[in-house]
Protein chains: 2
Amino acid sequence: MGEFELIRRYFQRPPPVGSAVVLGVGDDCALLQPSPGHQLAISSDMLVEGRHFFPDVDPEALGHKALAVNLSDLAAMGARPLGFTLAIALPQADEAWLAALARGLFALADASACPLVGGDTTRGPLNLCITVFGEVLPGRALRRGAARADDGLYLSGRTGEARLALELLRGGDWPGRLDAALRARLERPTPRNALGQALAATAGVHAAIDVSDGLVGDLDHILRASGVGAEILLEDLPVAPALQALPEAQRLACLLAGGDDYELLFTAAPEAHPAVLAAAAASGTSVTRIGRITASAGLKLLDAARREVPFTPQGFDHFA
Amino acid sequence: MGEFELIRRYFQRPPPVGSAVVLGVGDDCALLQPSPGHQLAISSDMLVEGRHFFPDVDPEALGHKALAVNLSDLAAMGARPLGFTLAIALPQADEAWLAALARGLFALADASACPLVGGDTTRGPLNLCITVFGEVLPGRALRRGAARADDGLYLSGRTGEARLALELLRGGDWPGRLDAALRARLERPTPRNALGQALAATAGVHAAIDVSDGLVGDLDHILRASGVGAEILLEDLPVAPALQALPEAQRLACLLAGGDDYELLFTAAPEAHPAVLAAAAASGTSVTRIGRITASAGLKLLDAARREVPFTPQGFDHFA
């Protein structure tokens, strides 16, 4: 199977009717027609074997996740997905592996109305690079730098299960059982695109980020970009059943510095609280207010008695 | 140096004033504002160490080439560059290497008015994935499938020098001397964006592709997509001085199946010939008519007496 046959067999499909795709896979460029008056939102994520996934990863889950982490960036901006490119380096053309990868990729692409429009295929150490395109009305994108003092701080879903799943997969000294549901939290994250788009359309919603490197580390990006601080009430953090049996230090590490959560962390003016809950309900996504933005810099983690709990933020850094 | 410091130091620069960039590096997504009424052209190319470049490649040249091969795809569509993302996997954070890479990358980005808008940085086997965005008016993109019988067949610049440089670098049994100019044809290709945009604005110009995998192999993409054939008059192919001393078989291999040329191969109606020459002159790019499109399928290579010259097309295929 040659390069062009590989592309034709696994990655070339007609773009969905009614999509923004004017011209899909197969020419020098893809052509997209964004809606009039919209801005284009673009994000790119590269997944490397041994770094972002294990060599024996289920290829169907990998196809899902490679697109999911990119869709999550569109969600964090409140942009509607339009399409994506996939550039892939493969050590060899393994047909069963490619078929499974494509299955996972296209299932999420179809569910997200985000068609594959082009890309590149080459031989090399396994590497998937997806670039995703979305659209958003001018002035509505949810930027990191838009948080304001007294905003409520909100989290979609809950954090920490992906980290616990990873530790259990690694076979370390963590209590718990790796069932399918927990493993799916690591390998098949759900990007929060419906919520992101609903929030971008909600007056009073200010800043957002997707939690990919840990809640505290990603919140720090919002705080620095906005020139503000925050308080998190630890007892308000939603805790998954799988995390409840963990010793406190491990539970906090999962909740606050887990990574791979792909939940949305966002801020909204106090008076927008009912509208935030309405956006959450309309998008079928649970949302919890976990704290607030403060005028003074720095992050405080508070227990039920509002005493500060020490915690060293450690987001994931590929070169630290 | 951590991941975020690496990005800040080498890849974060304010977007140029007057560009389409609303928001550049540093948020979940970049934001672009394309011109009203335009379509978006998108292409993605991945460069892998050992496959697309030697491990000891000059990083400044690599930075140039990684962007050049992507800009070349925009040129082949006739789209105006708007910006690009860079996702990069690095075995380590080598500061001198990164500084040189960034120098080559940004020099071409500045010269092409195509700013870096975002991307990703991770650790892994060296891999550069660039996705480039351009804009083009609806109906004006130069597609592969638009060639018509009796169109003239045109080539910008000349092919073959990159292949000769590669063979000399490999130290094989090829005659010739690898001087700086010849090496630059391999390592610092010039994307033909001004020509591509001028051609897209020229009535009667039909199909185009950029020659990256060899003239015959890439022409074959046009012929199949358009359902036509072609004749190339070999004596009309421009031959670089460095190629003139080669034995005929090697010269033809360079000219017809060289790879890494990044010239434009395009077709235009016979009556558009003066306008094609005018577009070439206006963009400061040499263009040669090298043959014509035929209604009957297949490619014929003809000598001066119009006798067919046998040649087996061998475009580059990563999985052949």
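This one's a predicted model, so the numbers in the text were calculated from it and none came from an experiment. Sequence order as written defines residue numbering, which begins from 1 separately in each chain. As a convention, the first chain written is A and the first ligand written is 1, with the rest following in written order. The predicted origin of the model limits local features to residues at a pLDDT of at least 70 and limits the giving and counting of side-chain atom pairs to 80 or more, whereas totals for whole chains, interfaces and linings rest on all residues. Note: side-chain values were computed over all heavy atoms of the structure, leaving out hydrogens and water.

Caption draft 1: Examining the sheet that holds strand β5 (residues 116-123) of chain B more closely. Read across the sheet, six strands follow the order β1(A)-β2(A)-β3(B)-β6(B)-β4(B)-β5(B) without closing on themselves; strand pairing throughout is mixed. Single-partner strands in this sheet number two, and they are β1 (21-23) of chain A together with β5 of chain B. Each adjacent strand pair in this sheet contributes to an overall mean axis angle of 20°, direction not counted. DSSP bridges decide pairing: two strands pair if at least two such bridges lie between them. Segments assigned H or I by DSSP are reported as helices when at least four residues long, segments assigned E as strands when at least two residues long, and all are numbered from the N terminus. Relative to strand β6 (residues 127-136) of chain B, strand β4 (residues 80-90) of chain B runs antiparallel, the two sharing nine bridges. Within β6 of chain B, the residue paired with A87 of chain B across the bridge is C129 of chain B. The axes used here are C-alpha line fits, helices contributing only the stretch in contact, and every angle between their N-to-C directions lies in the interval 0 to 180 degrees.

Caption draft 2: Inspection of the interface of chain A and chain B at higher detail. Taken together, the 66 residues of chain A in the interface contact 66 residues of chain B. Joining two parts hides part of their accessible area as seen by a 1.4 Å probe, and the buried area is that hidden amount summed over both. Across the chain A/chain B interface, buried area totals approximately 5,300 Å², and carbon plus sulfur atoms make up 59% of it. By convention in these notes, a salt bridge is any Lys or Arg side-chain nitrogen within 4 Å of a carboxyl oxygen on Asp or Glu. The tally of links between chain A and chain B comes to four salt bridges. Its salt-bridge partner being D27 of chain B, residue R144 of chain A comes within 3.6 Å of it at the nearest N-O pair. Throughout, the ten residues Ala, Val, Leu, Ile, Met, Phe, Trp, Tyr, Cys and Pro are labelled nonpolar, Asp, Glu, Lys and Arg are labelled charged, and all others, Gly among them, are labelled polar. When the residues that make up the side of chain A that touches chain B are grouped by side-chain class, the tally is 35 nonpolar, 18 polar and 13 charged. As judged from the three bridges shared by strand β2 (residues 30-32) of chain A and strand β3 (residues 39-48) of chain B, these two strands associate in the antiparallel manner. Note that in β3 of chain B the partner of L32 of chain A across the bridge is L40 of chain B. It only takes one pair of heavy atoms within 4.5 Å for two residues to be counted as in contact.

Caption draft 3: Structural context of the confidence of the model for chain A. The share of residues in chain A with pLDDT of 70 or more is 98%, and the mean pLDDT across the chain is 93. Model confidence for the complex is summarised by a pTM of 0.92, with the ipTM given as 0.90. Note: pLDDT gives the predictor's confidence per residue, expressed from 0 to 100.

Caption draft 4: Summary view of the relation of the copies chain A and chain B. Each copy is superposed on the other by least squares, with the fit set by C-alpha atoms of residues at a pLDDT of at least 70 in both. Once chain A is rotated about the relating axis by 180° and shifted along it by 0.0 Å, it coincides with chain B to within an RMSD of 0.0 Å. Interpreted geometrically, this transformation is the action of a two-fold axis. Of the residues that chain A buries at the interface, 100% are likewise interface residues in chain B, meaning the two copies contact each other through the same surface.

Caption draft 5: Representation of the domain arrangement of chain A in the model. All names here are of chain A. For every domain, the bounds stem from an assignment made automatically or drawn from a database. One can read the domain layout of chain A as domain 1 (3-136) and domain 2 (144-302). Every contact between the two is made by 18 residues of domain 1 and, on the other side, 19 residues of domain 2. One can count two salt bridges joining domain 1 with domain 2. For R188, the salt bridge goes to D58, with nearest N and O atoms at 3.8 Å. As used in this structure description, the phrase polar contact means that two N or O atoms lie within 3.5 Å; if the pair is within protein, one of them must be able to donate a hydrogen and the other to accept it, and residues adjacent in sequence are counted only when both atoms belong to side chains. Viewed at the interface, domain 2 and domain 1 are joined by five residue pairs in polar contact (both at pLDDT 80 or more). The set of elements that each furnish at least two residues to the side of domain 1 that touches domain 2 consists of α2 (59-77) and β4 (80-90). A per-class count over the side of domain 1 that touches domain 2 returns 10 nonpolar, three polar and five charged.

Caption draft 6: Quick look at the pairing of strand β11 (residues 287-294) of chain A. Residues and elements named next belong to chain A. Bridging between strand β7 (residues 152-156) and β11 involves five bridges; their strand directions are antiparallel. Following the sheet pairing, L155 is matched in β11 by T288. Where strand β9 (residues 229-233) meets β11, four bridges bridge the pair, whose relative direction is antiparallel. Of the residues in β11, the one forming a bridge with E231 is R292.

Caption draft 7: Highlighting the pattern of salt bridges. Scanning the entire structure with this criterion turns up 46 salt bridges over all chains. The salt bridge involving E263 of chain B is made with R192 of chain B; its shortest N-O contact spans 2.8 Å. In this pair, E263 of chain B sits in strand β10 (residues 263-268) while R192 of chain B sits in the loop between α5 (180-187) and α6 (193-200), placing the two residues 71 residues apart along the sequence. Throughout, exposure labels follow a simple rule: accessible area from a 1.4 Å probe, protein chains only, divided by the maximum for the residue type, with under 20% read as buried, over 50% as exposed, and the rest as partly exposed. Residue class for E263 of chain B comes out buried when judged on its relative accessible area of 0%. In the salt-bridge network here, residues are joined through shared partners; they are R158, E161, R185, R192 and E263 of chain A.

Caption draft 8: Main features of helix α3 (residues 95-111) of chain A. All names here are of chain A. Residue count minus one, scaled by 1.5 Å, sets the expected span of a helix. Over its 17 residues, α3 extends 24 Å from the first C-alpha to the last, a length consistent with the 24 Å expected when each residue adds 1.5 Å. Of all the residues in α3, the buried ones are W97, L98, A100, L101, A102, G104, L105, F106, L108 and A109. Where α3 is buried, its residues meet α1 (3-11), α2, β4, β5 (116-123) and β6 (127-136). Where α3 begins, the capping side chain belongs to D94, and its oxygen is found 3.1 Å from the backbone nitrogen of A96. Among the residues trailing α3, A113 stands out with phi positive, at a value near 50°.

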